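The lines below spell out each chain.
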Amino acid sequence: MRATLQRVTRATCTVEGEVTGQTGPGLLVLLGVAPGDTEETARALAAKIAKLRIFNDGNGKMNRSVLDIGGGVLSVSQFTLYADTRSGNRPSFTGAAPPEQARALYGTFNAALRGLGLPVGEGVFGAHMVLDLTNDGPVTLTLDL
């Protein structure tokens, strides 16, 4: 499982003109699922993200988690995180999980974040989504589990 995190002051996901998910201060999480991923992987990644200390403390050091700041998460499924661009000019997405598996694990991941006490806004799996965000820092990280 792979996630790209962006520390944000706000983020919104819109599908066909309707807001489907949003967050204030917190994280925009783009989540990619690989064929070998499991529910255990999804829960472990959610726990890692919830506890990751990437928000500033009173001294300006990245020493606080999204839980510590009372932040939220906007979670968006993103199969393109598994793009293979080593050959040719058109990406291959064979490294991404099949849609049925990815949809289920995206749900498990979001439920795990909520179970840890985080408010979670969501994109719409498989839809064309428009993301609007204000990156804070900017701070952007990629995690692989």
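Everything numeric here is computed off the predicted structure, so don't read it as measured data.

Rules used in this analysis
Residues numbered from 1 in each chain as written. Predicted model: local features only at pLDDT ≥ 70, side-chain atom pairs only at ≥ 80, totals over all residues. Heavy atoms only, no water. Buried < 20%, exposed > 50% of the residue type's maximum accessible area, 1.4 Å probe, protein only. Helix = DSSP H or I, 4+ residues; strand = E, 2+ residues; numbered from the N terminus. Pairing = 2+ DSSP bridges. Axes fitted to C-alpha atoms, helices over the stretch in contact; angles between N-to-C directions. Parallel < 35°, antiparallel > 145°, perpendicular 65-115°, else oblique. Left-handed = near helix turned anticlockwise from the far one by under 90°. Contact = heavy atoms within 4.5 Å. Nonpolar A, V, L, I, M, F, W, Y, C, P; charged D, E, K, R; others polar. Lys, Arg positive; Asp, Glu negative; His and termini not counted. Salt bridge = Lys/Arg side-chain N within 4 Å of Asp/Glu carboxyl O. Core = buried A, V, L, I, M, F, W, Y, C linked by side-chain atoms within 4.5 Å.

> Any chance you could explain the pairing of strand S1 (residues 2-15) here in plain terms?
A regular strand carries its side chains on alternate faces of the sheet. Burial within S1 is extensive, with 10 of its 14 residues counted as buried. Strand direction decides the pairing type here: S1 and strand S3 (residues 26-32), joined by seven bridges, are antiparallel. Pairing of Arg7 across the sheet is with Leu27, part of S3. Bridge count between S1 and strand S8 (residues 130-144): 11 bridges; the pairing is antiparallel. Paired with Arg10 across the bridge in S8 is Thr134. As paired elements, S1 and strand S2 (residues 18-23) share five bridges and run antiparallel to each other.

> Teacher, can you tell me more about the packing of helix H1 (residues 39-51) against helix H2 (residues 99-115) here?
Their axes nearest at 8 Å, the elements H1 and H2 cross at an angle of 40°. For the element pair H1 / H2, the angle class is oblique. The hand of the H1/H2 crossing is right-handed. Facing Glu39, Ala42, Arg43, Leu45, Ala46 and Ile49 of H1, the residues of H2 in contact are Leu105, Thr108, Phe109, Ala112 and Leu113. Considered class by class, the residues forming the contact of H1 with H2 number eight nonpolar, one polar and two charged.

> I would appreciate a short explanation of the side chain of Asp57 in the present structure.
On the secondary structure map, Asp57 appears in the loop between strand S4 (55-56) and strand S5 (62-64). Salt bridges are absent for the buried Asp57, whose nearest opposite-charge side chain, Arg64, sits at 7.3 Å. With residues near it in sequence (within four places) discarded, Asp57 still touches Asn63 and Arg64.

> Explanation requested: the nonpolar core in the structure shown.
Nonpolar side chains in soluble globular proteins generally cluster together in the buried interior. Counting 27 residues, the largest nonpolar core has Leu27, Val29, Leu31, Leu45, Ile49 and Phe109 as the members making the most contacts within it. Broken down by secondary-structure element, the contributors of at least two residues to this core are S1, S3, H1 and H2. Leaving out residues up to four positions away in the same chain, Val29 has contacts with Ala3, Thr4, Leu5, Ile49, Val73, Leu74, Ser75, Val76 and Phe109. Core analysis: the second largest hydrophobic core is formed by 10 residues, Ala11, Val15, Leu30 and Val76 among them.

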